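One-letter residues, chain by chain:
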Amino acid sequence: MDRKKFITGTLFTGFAALFHKAFAGKEAAIEKISKADLRGVEGILSPTNTHMVGNGFKVMNYFPNGKGFEERMSPFFLLDFNAEVKFPPSDIAKGVGVHPHRGIETITFAYKGSVEHHDSKGNHGVINPGDIQWMTAGGGVLHKEYHEQTFNRTGGTFEMLQLWINLPAKHKMTPAKYQSIVHTQKPKVVLADGKSAVYVIAGEYNGVKGVANAFSPVIMYDVHLEENADLEFTLPQHYNSGILVIDGNITINEQKAPENHYVQLKNEAGKIKIKAHQKSLLMVLSGEPLNEPYVSYGPFVMNTEEEIKQAIEDYNKGKFGFLND
Ligand code: MN
C-alpha cells in the first residue's frame, strides 16, 4: 500500500468513526456487512415439474414434496406456484370443483389473472392481480376455486400462488372464515429507491404491521423490487424461512436465485441481503415451527390418524356444509 492511500484510508476511518458517534442510532444501516453476518442459505430449489390442480392451475410444488426440504417450513405446509402461463379463451369453466379442507388455512395470491371463490359458509369473492384470499378452513369448509368468468372467456396471462398454513392443535377446529385482502389494503413500506416496496402481509417490517393474522407467529412479505434495488432485513433465527422468486432474478446472500427458484434459509441469525438484477417479485415466508406431530391426508392436515378418520367421517356425513357444483 503506498503512503498516500494509507493516509486517505486512515482519515476516512477517522471520519467514519465520528459519523458513527454522531449517528449512533443509525449504526446498523451504515455498517458494512461481512460474510459472517449473513444468514446462511441451506439450499436453492430449481423449478419443479408442473402438475394440474383441477383443470385450471398448472403448478409447481416446492413443499412438502420439494426434494430435500420436506417438513422444513412448518407452520407453512404447502407451497404451490402457478408460474406465468397463458390460458386460451374458454367456454368451459377452469379451476377446482367443490372440495373440503380441515385443519389449515389456505391462502391464494393472484399476480396475474383473476380467480373466483365460493364456499359452504356463503362466502364469495373474486381476487384480481395483487389481491389475496385468506381462507381459514379450521374445523371444516367446502369451497371451489375457478378462473373468474370474464377472464375465462377472454383468456389471458395467469400467475397464482397457493399456500397452506398448518393450524396449531389448539386451533384446528376453529370456525371457518374467509378474508379478502385487496391490493390497496396491503400495508406498504417504500424502499430507498422510492419505487421498490415491501407489502407486509403478516408479521412486521420496519415497524409496519401486516394486514393478516395467522394462528401462530408468521411473517409474510410480498416484495416488489425494481432493477438494481437492494433489500436488507432480518428474520427471527429460529423461524423456518424461505423465499420464492416469483418473477425476476436476484442474488441473495451471495447466491444466485433466478425466477421460479425457491431459497431455503438456515435457521440461524444473520442478515438477508438481496440484490435485484432486474425488476423482481418475491414472496418471503417465515414462521415459528409448530413442533407438533401431524398427519395429512389430501385436503386435511390434523395431528393424529384418528382425527383424519374423523374428518373423513364428518365430511361423508355432510358436516362440512353444502355447496353447489
Ligand atoms: Mn382448496
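Read on for an overview of the structure. (Residues numbered from 1 in each chain as written. Predicted model: local features only at pLDDT ≥ 70, side-chain atom pairs only at ≥ 80, totals over all residues. Heavy atoms only, no water.)

On to the packing of aromatic side chains. According to the stated counting rule, one finds 11 aromatic pairs in the structure shown. Centroid distance Phe-57 to Phe-158: 5.8 Å. Interplanar angle 55 degrees. Geometry classified as tilted. With a gap of 101 residues between them, Phe-57 in strand β3 (residues 57-63) and Phe-158 in strand β11 (residues 156-166) connect regions that are remote in the sequence. In terms of burial, Phe-57 and Phe-158 fall into one category: buried. Through pairs of rings, three or more aromatic residues link up here, namely Phe-57, Phe-87, Phe-151 and Phe-158. We note Lys-186 situated over the ring of Tyr-199; from NZ or CZ to the ring centre the distance is 5.1 Å. (Phe/Tyr/Trp six-rings, centres within 6.5 Å; stacked < 30°, edge-to-face > 60°. Helix = DSSP H or I, 4+ residues; strand = E, 2+ residues; numbered from the N terminus. Buried < 20%, exposed > 50% of the residue type's maximum accessible area, 1.4 Å probe, protein only. Lys NZ or Arg CZ within 6 Å of the ring centre and 35° of its normal.)

A few words on the pairing of β11. β11 sits mainly inside the fold: 10 of its 11 residues count as buried. Relative to β11, strand β4 (residues 76-87) runs antiparallel, the two sharing 9 bridges. Across the sheet, Lys-86 pairs through a bridge with Thr-157, a residue of β11. Pairing geometry for strand β6 (residues 104-112) and β11, over 8 bridges, is antiparallel. Residue pairing in the sheet places Thr-106 in a bridge with Trp-164 of β11. (Pairing = 2+ DSSP bridges.)

Compared with an ideal rise of 1.5 Å per residue, which puts 12 residues at 16 Å, helix α4 (residues 305-316) spans 17 Å between its outermost C-alpha atoms and is within 8% of the ideal. What α4 keeps buried is the set Ile-308, Ala-311 and Asp-314. Summarising the axial view, the buried residues of α4 lie within an arc of 125 degrees, below the 170-degree limit, and thus occupy one face. Exposed positions of α4 whose direction lies more than 90 degrees from the buried face are Glu-305, Glu-306, Lys-309 and Asn-316. Phi turns positive one or two residues past the end of α4, at Gly-318, with a value near 80 degrees. (Expected span 1.5 Å × (residues − 1). Arc of directions from axis to C-beta.)

In this section: the sheet that holds strand β18 (residues 230-233). Taken together, the 4 strands give an open sheet; going across it, the order is β18-β23-β20-β21, and neighbouring strands pair in antiparallel fashion. Each edge of the sheet is formed by a strand with only one pairing partner; in this case those strands are β18 and β21 (255-258). Neighbouring strand axes in the sheet, compared pairwise and without regard to direction, differ in orientation by 20 degrees on average. The pairing of β18 with strand β23 (residues 272-276) spans 4 bridges and is antiparallel. Bridge pairing in β23 places Phe-233 opposite Ile-272. (Axes fitted to C-alpha atoms, helices over the stretch in contact; angles between N-to-C directions.)

To continue, consider the layout of surface pockets. Of the voids in this model, the largest pocket is the one considered here, and its volume is about 420 Å³. The wall of the largest pocket is formed by 24 residues, among which Val-53, Leu-78, Asp-80, Gln-162 and Trp-164 lie closest to the centre. Looking at the lining of the largest pocket, the elements that each hand over two or more residues are β2 (50-53), β3, β4, β5 (95-101) and β11. With 5 residues, the top contributor of residues to the lining of the largest pocket is β4. Residues belonging to the lining of the largest pocket are distributed by class as follows: 12 nonpolar, 10 polar and 2 charged. (1 Å grid on protein atoms, 1.4 Å probe; cavity = no way out; pocket = protein on both sides within 12 Å on 5 of 7 lines; lining within 4 Å. Points joined across faces, edges and corners; volume = space filled by probe spheres on them. Nonpolar A, V, L, I, M, F, W, Y, C, P; charged D, E, K, R; others polar.)

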